[in-house]
Amino acid sequence: MPGRRNRHRLRPLAAVCALLLCVAGLIVRAGLGADGVTQAVLKDDPIQLTGDYASEGTAESGERVLIVRGRCWLKQGDLVATARQMIVWRSLAGGRESLAVYLEDDVRVEQVGQTDQQTNAFLQISTRTGNVEDRFRSKSVGNAIEQDAMFQRAALRRQTVQRSGLTQTQFVVPQPDQSPPGGGRSILPMPGNRLRHVRLSPRSSMKIDIRTEKSTNTVPPEQITILTGGVNLVVEGDDRFGVIDLSADRIVIWSEATESGQFNFDSTQPLESQFQVYLEGNIVGRQSTNVLHAEQAYYDAREDRGLLLDAELSLRPPEFGGQRVRVRAERLRQLSRNEFHATNAWTTTSQFGHPGYRIQSSDIFVEPYYAQPLDLPLLGGDYDSARFDPETGAPRYREVPYVTSLNNTFVLNETPLFYLPYVAGPADDPNIPLRALTIRSDSVFGIQARSQWDILQILGIEEPPGIKLNLEADYLSKRGPVLGLNGEYIMHDLLGIPGTAIGEGLGVYVHDSGKDNLGADRRMLEPREQNRGRLTWRHQQELPNGFKYFGETGYLSDRNFLEQFYEKEFDTGKDIESVANLQQTGDSWQWGLLLQTQPYEFENNTEWLPRGDLTFLGEPLLGGWLNWSSHTMGGYAQLNQADPPNVAGDKFSPLPYYADLQGGVAMTRHELTAPLQFGWLNVVPYVWGEAAGWSDSVTGGSRDRLVGSAGLRSSIMFTKTMPWVQSSIFNLNGLAHKMVFDVDWSMTQSNRGLDSIKQWNEFDDNAQERFRQRLLQNTYPTFLTLPTQADPRNFAVRSGAGSGVTAPYHELVDDLHVVRLGWRHRLQTKVGPPERLRTKDWMTLDLEASLFPNATRDNFGETAGLLGARYAWHVGDRTSLLAGGARDLFNGGMELWNVGILSQRGTRGSVYVGARQVKGLGFESQILTTTASYSMSEKWISTFGTAFDLAEGRNRGQSMTLTRVGADFLIHFGGNFDASKGNAGFAISVEPRLGNWGNQSTQLGNLLGNR
């Protein structure tokens, strides 16, 4: 930015920046109360405007208005003005462009070697049309600027200036009662009424020695006071910093002279008045929980400038979760109200006099920075409520210190570990360039050195707001080197399009020289090639007029890479796909256009080239007697059946409901409902019908299907309140029992059976399909095809997964007659303080069952089925008893249940003990699991997990971690055993306690507390 210090910028050392900002509150200080106005004669010099964030709108007068926040800078010829916030009115007339500029907060106006500092100022300047250049880091257009609070203050100030009719010709600083001379530029102060309260007292029992005299050598005269013998100085009145408490052996104060020439130990004075302080000897400053130590200090409150020598600051910044941070500097300068420069400084969270580790820097610069809120959940969340004030519509901003640190060395004891020439960026991220470092060993990957780095810090590039980009550099002794890049972003008004864009990406390359171990009977699988990897990029963007775009690009080198190297994502994460989806949503309708391709053939998938969808929901008909909903889709598709793995030992059987087909697919489904209300009884008769067609089938010709269904949904609720039920043991403050009976009867008929239609719309993720592809060989070796009791499509039809009007897999319907019953209970109580009681579910129970009148056709000969139960008892805020189950009564039907107890004890620890059964045709498993974390003492924390299969009498695996909590480091000792893979591993990691950075890998933040 022109006119500013030319410094390289990267990411921050958050401890440094948070700490340096507190210097302003630990020294005596005052804001400026004088306001200024500047007007200009006509000039042809170009005008330059810059700032962090700008919002553009149109005022009622028709003028173009800019609201600028963060590092505002204006220049025309020899005039330079800076501020933290700025309003600019721009108008064109007679071949000239005129600017009316209101500046607020930390205003500085410089011209011909003169500098004036104000709380706010007003300028009027002009130049030839097209001679104005503006550059902003981010700019939004079409905002409601009239309701912005700063705009309202600026408009009032502009009206005052216009009424005054001033025409000034030179740069002066007049007194409040002076009339400005004519012509040029001037600054007109407006009186302020803010006051500071100063109190002095002895530091100890020793008497203060005081000398004071009035000096007439200055204009205006000043009072010079010298206090020795140990002095305590308390300053109040500046709401930004609260009460400031300073003490030193000797203090010199320069203030405005009093009429009597005497010094008052208790005085009140305007914040705009002169007040300069020099402190010396054992300086201690306190503000809230922050503490300052120094040998010499000087501060000029009116000019907002200061200097500290041999200073050390200790504070608890919010970014570090209450952990104390220390910064020591040979010299610390305050350049303005919130701009600082520290020389020969180090930062640490160690509380030892000689820290075990520190970050040493030759220079640290801090300046204010405005940023939009970025604490938004990725791929979800209400972004507009965070970006804009819901009442005024004005953009929200947060002030963040911006830090530039030069010649940074991370020192362990006295050994330097790594060096970065410069680090810079906003201070709301406490991370250092090394994001993670782990050393471990196991029998699958061998000895592993895994690290993650902030690549923008390493390359010396300023990190754009809302963007994270990390470099992954690993070495696995049994597999080879790993190199990857991952990141995420939240961006507003991308490419000038209003709205929020969010996304994430990951790319990884592995030169693999080992063999895959996927567990059980797949422990020695030879990869088809050594060059392996993945690529994933997911993007979501809001667009005008209710449009949204969802896009994803995905690639996998081979079918087993994800399961081997990213097992948790493979088991529970979203499938990796290549998709582009554009949607527009109205009050009760939505349409979308989908394009989906697949770059690999080893998974069951469908390519849509393209596909369109149109949906209407709850449209009233006949004056509201009926409601109509519909879903219509059509497109060209290529259905792919997964290719065999071609890897020796990798068992595989194709799923029968996939095939290699291509052609047109179309479907339209419509539903009519007639909601009726009889008191508490809700009755909804409904009918729906579907017509679908496929141009390609297994037989080689086209295929169509007609489906019709009629049914009745009904529910009734009963409530009983019991205010007399009170218990301090169970935390009961009254009790209410809410009970709901619901029933859904339906009869569905289709002219074509489910077996004659392939699954063009995927209904399960790849991990589950991969498991089913091995079932026929490892669980049902005597069967030629998958038993119908284990066919997931039969379960989906019986449970009604494809019967809804908007069901994404419309193929999953067939002839079915079913009555679904539900009986749901809620026992609720009131908790919280008496003035803010809230309702809490104390106990819940849901019971479900389905009846099949045509049992032979629909439920393998059993009338009742799909029995289910879910139970939860929240005994207290920290302890819950959980249970659930599902069962079918036919031979070989599912028998699932689970029961467990969860107890969380805050910073002391948590424990879960549970058991679950999975039983079906040909397999049974009963797993007992226990997980616990426990703070054994102030120095040791343990985490433990184990699983054992009671039905098979087989150990499933264990994991355990012990953490030694030190003042400087967290030392982790970990081990794990995976019985399925026969894999035992051990890991040791050492992490510096730099805020929450040292707690992330083991999730110990809640147990560490303020230790």
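Reading the values: rules and limits
- Residues numbered from 1 in each chain as written.
- Predicted model: local features only at pLDDT ≥ 70, side-chain atom pairs only at ≥ 80, totals over all residues.
- Heavy atoms only, no water.
- Helix = DSSP H or I, 4+ residues; strand = E, 2+ residues; numbered from the N terminus.
- Expected span 1.5 Å × (residues − 1).
- Buried < 20%, exposed > 50% of the residue type's maximum accessible area, 1.4 Å probe, protein only.
- Contact = heavy atoms within 4.5 Å.
- Salt bridge = Lys/Arg side-chain N within 4 Å of Asp/Glu carboxyl O.
- Pairing = 2+ DSSP bridges.
- Core = buried A, V, L, I, M, F, W, Y, C linked by side-chain atoms within 4.5 Å.
- Patch = residues over 30% accessible without salt bridge, like charges linked within 9 Å, V, L, I, M, F, W, Y side chains within 5 Å.
- Areas by Shrake-Rupley, 256 points an atom, 1.4 Å probe, with all protein chains shown as cover.
- Phe/Tyr/Trp six-rings, centres within 6.5 Å; stacked < 30°, edge-to-face > 60°.

1. Side note on helix α7 (residues 766–778)
Alright, step 1. The end-to-end C-alpha distance of α7, which contains 13 residues, comes to 18 Å, matching closely the 18 Å that a straight helix rising 1.5 Å per residue would cover.
Alright, step 2. Within the span of α7, buried status applies to N766, A767, E769, R770, R772, Q773, R774, L775 and L776.
Alright, step 3. The inward-facing, buried residues of α7 contact α5 (561–565), α6 (567–572) and α8 (792–799).

2. Brief notes about the pattern of salt bridges
Alright, step 1. Tallied over the entire structure, the rule returns 46 salt bridges.
Alright, step 2. A salt bridge links D888 to R798; its shortest N-O distance comes to 2.9 Å. Taken as a pair, D888 in the loop between β41 (879–887) and β42 (895–904) and R798 in helix α8 lie far apart in primary sequence, 90 residues in all. Exposure class is identical for D888 and R798. Each is buried.
Alright, step 3. Between D846 and R870 there is a salt bridge, and its shortest N-O distance comes to 3.6 Å.

3. Topic: the pairing of strand β45 (residues 940–949)
Alright, step 1. Alignment of strand β44 (residues 923–935) against β45, held across nine bridges, turns out to be antiparallel. Paired with L928 across the strands is F948, a residue of β45.
Alright, step 2. What sits between the antiparallel neighbours β44 and β45 is a turn of four residues.
Alright, step 3. Both β45 and strand β46 (residues 954–965) contribute to a ladder of ten bridges, which runs antiparallel. Within β46, the residue paired with I941 across the bridge is T963.
Alright, step 4. Linkage of β45 to β46, two consecutive antiparallel strands, is achieved through a turn of four residues, within which G953 is found at a positive phi near 60°.

4. Quick notes on the pairing of strand β35 (residues 681–694)
Alright, step 1. As defined by bridge partners, strand β33 (residues 661–673) adjoins β35 across nine bridges and the pair is classed as antiparallel. If you follow M667 over to β35, its bridge partner there is A692.
Alright, step 2. Where β35 and strand β36 (residues 703–727) come together, 14 bridges link them in antiparallel fashion. Looking at the pairing, L681 lines up with I716 of β36.

5. Thoughts on unusual backbone geometry
Alright, step 1. Residue P610 is bonded to the preceding L609 through a cis peptide linkage, with omega at -10°.
Alright, step 2. Within the secondary structure, P610 sits in strand β31 (residues 605–621).
Alright, step 3. A positive phi is found at F860, a non-glycine position, where the angle reads about 55°.
Alright, step 4. In this fold, F860 is placed in the loop between α9 (855–858) and β40 (864–873).
Alright, step 5. By relative accessible area, which is 33% here, F860 ends up partly exposed.
Alright, step 6. Here L866, not a glycine, exhibits a phi torsion of approximately 50°, which is positive.
Alright, step 7. Mapped onto the fold, L866 is located in strand β40.
Alright, step 8. A relative accessible area of 12% places L866 in the buried class.

6. Some remarks on the side chain of R532
Alright, step 1. Counting through the fold element by element, R532 comes out in strand β27 (residues 531–542).
Alright, step 2. Residue R532 is classed as buried on the basis of its relative accessible area, which comes to 2%.

7. Observations regarding the nonpolar core
Alright, step 1. Of all hydrophobic cores here, the largest spans 33 residues; its most connected members are L200, L227, L233, I251, I253, L279 and L308.
Alright, step 2. Looking at this core, the element that brings in the most residues is strand β12 (residues 244–256), giving five residues.
Alright, step 3. Apart from residues no more than four positions distant in its own chain, I253 is found in contact with L200, Q223, I224, T225, L227, F263, F275 and Q276.

8. Structural notes on a nonpolar patch on the surface
Alright, step 1. On the surface, Y934, M936, W940, F973, F986, I988 and V990 cluster together to form a nonpolar patch covering roughly 630 Å² of accessible area.
Alright, step 2. Looking at which element gives the most residues to the nonpolar patch, the answer is strand β48 (residues 983–992), with three residues.
Alright, step 3. Looking at where M936 falls in the secondary structure, it is placed in the loop between β44 and β45.
Alright, step 4. Under the relative-accessibility criterion, M936 is labelled partly exposed at 40%.

9. Regarding the packing of aromatic side chains
Alright, step 1. Scanning the entire structure with this criterion turns up 18 aromatic pairs.
Alright, step 2. Centroid distance F561 to Y566: 6.2 Å. Interplanar angle 50°. Geometry classified as tilted.
Alright, step 3. Overall, F561 belongs to the buried group, its relative accessible area being 0%.
Alright, step 4. Measuring from ring centre to ring centre gives 6.2 Å for F718 and F741, while their planes differ by 80°; the resulting arrangement is edge-to-face.

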